[in-house]
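Tertiary structure, described
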Amino acid sequence: LQEAHGLNATRTKRMNATVPLIIFGGIAMLILVAFLLSQRPDAQQESSAAANTAEEQSESERPDLTQFERRDAGDLLTAGPVDAPVGLIVFSDYQCPFCGQWSHETLPTMMEYAERGDLRIEWRDLNVFGPDSERASYAAYAAAEQGEFWEYHDALYPGGEKRAKNELSEDALIALAGELGLDTERFAVDMNSDKTRTQIEENQQLGFSLGAASTPVFLLGGVPISGAQPTEVFVQAFEDALAKQG
């Protein structure tokens, strides 16, 4: 009986894990369709219908994806208060050009919401481009250990562009830390620590468990958004999520 119970529990866990994966893709596609339709001059009614369809599905069929917001005061890769009414999880890769574009064009607006206390941003590295991406994420976490995560993050996307591979060697990343005024000896130790690697792996597995196989992808107020869509898409999603909080 115990064995049978264990098998059933395992099956249930697997089924629960696949739900976010399916929902992530479905809702993201509906959001994208609604946005693209809105760009057509004669598509106001169609856009409204698509948006309503996405909203209906998100309300009736989508599980509460805000549960994946960590809301941990000890989380080093964040901005905004722990108890902000709206949460934003960002799954990104430092070798992804579209991630750099989003960080340059849209992240500053999201940061404004975080600074006024309405948004909690949680950064989650999803290293789909291999060792260079992983090394950069370790370096960013090492900078976070010295309270300089966002400064280092911005430096990894100069002008919204990803750095060349030769700029993501361990020596180059340590040198970048020095340019930003960090303690490079401590930085080198933290960059290679078990704690850093474990945390990055945990963050990455969250993205994979939700069905995120490419970057960037987001959960904003529990609503999936896929790709570096225009800033106004994120602003509207944020405002909708904030309005639901009353």
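Heads up: these notes are all about the structure in this document.

Procedures and definitions
- Residues numbered from 1 in each chain as written.
- Predicted model: local features only at pLDDT ≥ 70, side-chain atom pairs only at ≥ 80, totals over all residues.
- Heavy atoms only, no water.
- Helix = DSSP H or I, 4+ residues; strand = E, 2+ residues; numbered from the N terminus.
- Buried < 20%, exposed > 50% of the residue type's maximum accessible area, 1.4 Å probe, protein only.
- Areas by Shrake-Rupley, 256 points an atom, 1.4 Å probe, with all protein chains shown as cover.
- Phe/Tyr/Trp six-rings, centres within 6.5 Å; stacked < 30°, edge-to-face > 60°.
- Salt bridge = Lys/Arg side-chain N within 4 Å of Asp/Glu carboxyl O.
- Core = buried A, V, L, I, M, F, W, Y, C linked by side-chain atoms within 4.5 Å.
- Contact = heavy atoms within 4.5 Å.
- Arc of directions from axis to C-beta.
- Axes fitted to C-alpha atoms, helices over the stretch in contact; angles between N-to-C directions.
- Parallel < 35°, antiparallel > 145°, perpendicular 65-115°, else oblique.
- Left-handed = near helix turned anticlockwise from the far one by under 90°.
- Nonpolar A, V, L, I, M, F, W, Y, C, P; charged D, E, K, R; others polar.
- Pairing = 2+ DSSP bridges.

Here's the deal with the overall build of the protein
Helix and strand counts for the protein stand at 10 helices and five strands. Residues counted as buried form 46% of the 246 residues belonging to the protein. Accessible surface for the protein amounts to roughly 12300 Å². Of this, 52% is attributable to carbon and sulfur atoms.

So, the packing of aromatic side chains
Counted according to the given criterion, the structure contains 10 aromatic pairs. Each ring, one from Trp-123 and one from Trp-150, has its centre 5.8 Å from the other, and the planes form 85°; the classification is edge-to-face. Placement of Trp-123 in strand E3 (residues 119–125) and of Trp-150 in helix H6 (residues 149–156) is noted, with a sequence separation of 27 residues between them. Judged on exposure class, the residue Trp-123 and its partner Trp-150 are both buried. Relative to Phe-187, the ring of Tyr-152 has its centre 5.5 Å away and its plane inclined at 35°; by these criteria the two rings are tilted. With Tyr-152 in helix H6 and Phe-187 in helix H8 (residues 184–191), this pair connects stretches of sequence that are 35 residues apart.

So, the pattern of salt bridges
Proximity of charged atoms lets side chains of opposite charge pair with each other. Inspection of the entire model under this criterion finds 12 salt bridges. Measuring nitrogen to oxygen at the nearest pair gives 3.3 Å for the salt bridge that ties Arg-124 to Glu-122. Like Arg-124, the residue Glu-122 is buried in the burial classification. Where Asp-132 meets Lys-165, a salt bridge forms, and the shortest distance between an N and an O atom there is 3.0 Å. You can see Asp-132 sitting in helix H5 (residues 131–144) and its partner Lys-165 sitting in the loop between H6 and helix H7 (170–179), a full 33 residues away along the chain.

Section: the nonpolar core
Counting residues in hydrophobic clusters, the biggest one holds 48 residues, and the most contacted among them are Met-110, Ile-121, Tyr-152 and Phe-187. For this core, the leading source of residues is H5, giving eight residues. Setting aside residues no more than four positions away along its own chain, Tyr-152 makes contact with Ala-139, Ala-140, Ala-143, Leu-173, Leu-176, Ala-177, Leu-180, Leu-182 and Phe-187. Counting nine residues, the second-largest nonpolar core is a separate cluster that includes Phe-91, Leu-126, Leu-206 and Leu-219.

Regarding H8
For H8, the set of buried residues is Phe-187, Asp-190 and Met-191. Along H8, the residues classed as buried sweep out an arc of 100° about the axis, all on the same side. More than 90 degrees from the buried face of H8, the exposed residues found are Glu-185 and Val-189. Check the buried side of H8 and you find it contacts H5, H6, H7 and helix H9 (194–209).

Describing the packing of H7 against H8
Two elements in contact, H7 and H8, have axes whose closest approach is 9 Å; the angle formed by their N-to-C orientations is 135°. One element, H7, and the other, H8, form an angle in the oblique class. Between H7 and H8 the crossing geometry is right-handed. Across the interface between the two elements, Glu-170, Leu-173, Ile-174, Ala-177 and Gly-178 from H7 touch Thr-184, Phe-187, Ala-188 and Met-191 from H8. Taken together, the residues of the contact of H7 with H8 sort by class into six nonpolar, two polar and one charged.

Here's the deal with the sheet that holds E3
Strand order in the open sheet formed by five strands is E1-E3-E2-E4-E5, and the pairing between neighbours is mixed. Looking at which strands have only one partner, the edges of the open sheet turn out to be strand E1 (78–79) and strand E5 (223–226). Here E1 pairs with E3 via two bridges, running antiparallel. The partner of Ala-79 across the bridge, within E3, is Ile-121. Helix H4 (residues 107–115) rests against E1, strand E2 (86–92) and E3 of the sheet, and its axis sits at about 135° to E3. Contacting E1 and E3, H6 runs over the sheet at an angle of about 55° to E3.

Keep in mind that these numbers describe shape and distance, not what the molecule does.
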